[in-house]
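Okay, here's what each chain looks like letter by letter:
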Amino acid sequence: MKAALQTDWRLREETPIYGKPMDVVDGIRRIVAPNPHSMTYHGTNTWLITHAAGTAVVDPGTDDPAHLDAICGVSGTISHVIVTHWHHDHFDGARALALRANVPVFKFPSGPLKGDKDLLHGTEIAGMQVIHTPGHAEDHICLERPDGVLLSGDHVMGWSTTLVPPPPDGDLGDYIESLERVQALNARIFLPGHGPEILKPYSFIEQLLEKRYEKLHQIENILTHEVQEFSNICNRAYPKLNKKLRFAAEMMLETYLLELKKRGKAIQEPTGWKRAGY
Ligand SMILES: [Zn+2]
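Residues numbered from 1 in each chain as written. Predicted model: local features only at pLDDT ≥ 70, side-chain atom pairs only at ≥ 80, totals over all residues. Heavy atoms only, no water.

Novice: Looking at this structure, I do not really get the UniProt feature "domain: Metallo-beta-lactamase" (unreviewed entry) in the chain. What am I missing?
Specialist: Sequence positions flagged by UniProt for "domain: Metallo-beta-lactamase" (unreviewed entry) are, in local numbering, residues 43-194. For residues 43-194, the end-to-end C-alpha separation is 6 Å, with 24% helix and 28% strand making up the annotated structure. (UniProt positions renumbered as here; feature names shortened; annotations may be inferred. Helix = DSSP H or I, 4+ residues; strand = E, 2+ residues; numbered from the N terminus.)

Novice: Just to check I follow, could you spell out unusual backbone geometry for this structure?
Specialist: Residues apart from glycine generally show negative phi values, whereas peptide bonds are mostly found in trans. The omega angle of the peptide bond from P167 to P168 is 15 degrees, so this bond is cis rather than trans. Its location among the elements puts P168 in the loop between β13 (149-153) and α4 (172-184). Positive phi is not limited to glycine here, since Y41 has a value of about 60 degrees. On the secondary structure map, Y41 appears in the loop between β4 (28-32) and β5 (45-51). Overall, the relative accessible area of 12% leaves Y41 in the buried class. (Buried < 20%, exposed > 50% of the residue type's maximum accessible area, 1.4 Å probe, protein only.)

Novice: Honestly, the pattern of salt bridges in this entry has me stumped. Any pointers?
Specialist: Where charged atoms of side chains with opposite charge meet at close range, the side chains can pair. Taken as a whole and judged by the stated rule, the model has 11 salt bridges. Close ionic contact of R100 with D69 constitutes a salt bridge, the shortest N to O distance being 2.7 Å. Residue R100 is located in helix α3 (residues 94-101), and its partner D69 is located in helix α1 (residues 65-75); the two are separated by 31 residues in the primary sequence. The residue E250 makes a salt bridge to R246 at a minimum N-O spacing of 3.0 Å. With E250 and R246 both in helix α7 (residues 246-262), this residue pair falls four residues apart, about one helical turn. Assessed through its relative accessible area of 29%, E250 is described here as partly exposed. By relative accessible area, which is 23% here, R246 ends up partly exposed. Put simply, D171, E259, K262 and R263 are held in one network by salt bridges that share partners. (Salt bridge = Lys/Arg side-chain N within 4 Å of Asp/Glu carboxyl O.)

Novice: What exactly am I supposed to notice about the coordination of the zinc ion here?
Specialist: Around a metal, the ideal angle is 109.5 degrees if four donors adopt a tetrahedral arrangement and 90 or 180 degrees if six donors adopt an octahedral arrangement. Taken together, the protein ligands of the zinc ion are D89 (OD), H90 (NE2), D154 (OD) and H194 (NE2), with distances of 2.0 to 2.2 Å. One can describe the site at the zinc ion as irregular: its four donor atoms subtend angles covering 86 to 161 degrees at the metal. In the primary structure, the donors to the zinc ion are separated according to the pattern D-H-x63-D-x39-H. One end of the pair, D89, is in helix α2 (residues 88-91); the other, H194, is in the loop between β14 (189-192) and α5 (201-222), with 105 residues separating them in the sequence. Across this residue pair, the class does not change: D89 and H194 are buried. (Donors = N, O, S within 2.8 Å, 3.2 Å for Na, K, Ca; no water. Tetrahedral: all angles 85-135°; square planar, octahedral: opposite > 155°, others 65-115°.)

Structure representation (structure tokens):
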């Protein structure tokens, strides 16, 4: 497997060949779905996990017939279709793949899109343990194997920080708590929902946590005792932003502001936000 190209803290890689499986670790292959986007990097990673009863497919990605053909072509018997969370770039192909393979869709029971079978925190499936990790999405799960491999979905990605939407789907406090929990597992490798694998997950998460606290602090410092409009705060918190990412920045900012409110540091007014206290 080609080594990830380290530019800044982000882990980059060349555009993959869509439809071609890559051996990542023993018994685990990756096929990248053809849905590249500013929010998905080269596309969604579909993980094929070989185990005693066949192949478990984690995150079928988009409902793209060529991608589903590629998955079926190399999987042999598909034993399970599992999704890490309900977001469309992970879930949309699940139903079609499950129909082809005649197996149920397994997922955590909450979220706007439902599976056929519930995967609760602590459940064992295809040799992996389910860990509920809300923050990016309320139903997000990671899957931990006994060999130190953790499928991290969009909870931890190497190519970018994770978008944490405001409640009810996301929550910064939940996200940080979930990050600390997966960090404490001391896994040797994370296999994410987008981009290349993460080889030093413990220190990688350390950096992610630092960045989140820095940003929270920065936004707290932008607030004044005068109410400022949300869009002005966004311009100051995310200057020089690519226009395509404005909606993501606005979601993230709302999440940070709500976290500051929860911590007693920010007050929401009808016209905007201001600093709490004197
Ligand atoms: Zn995703």
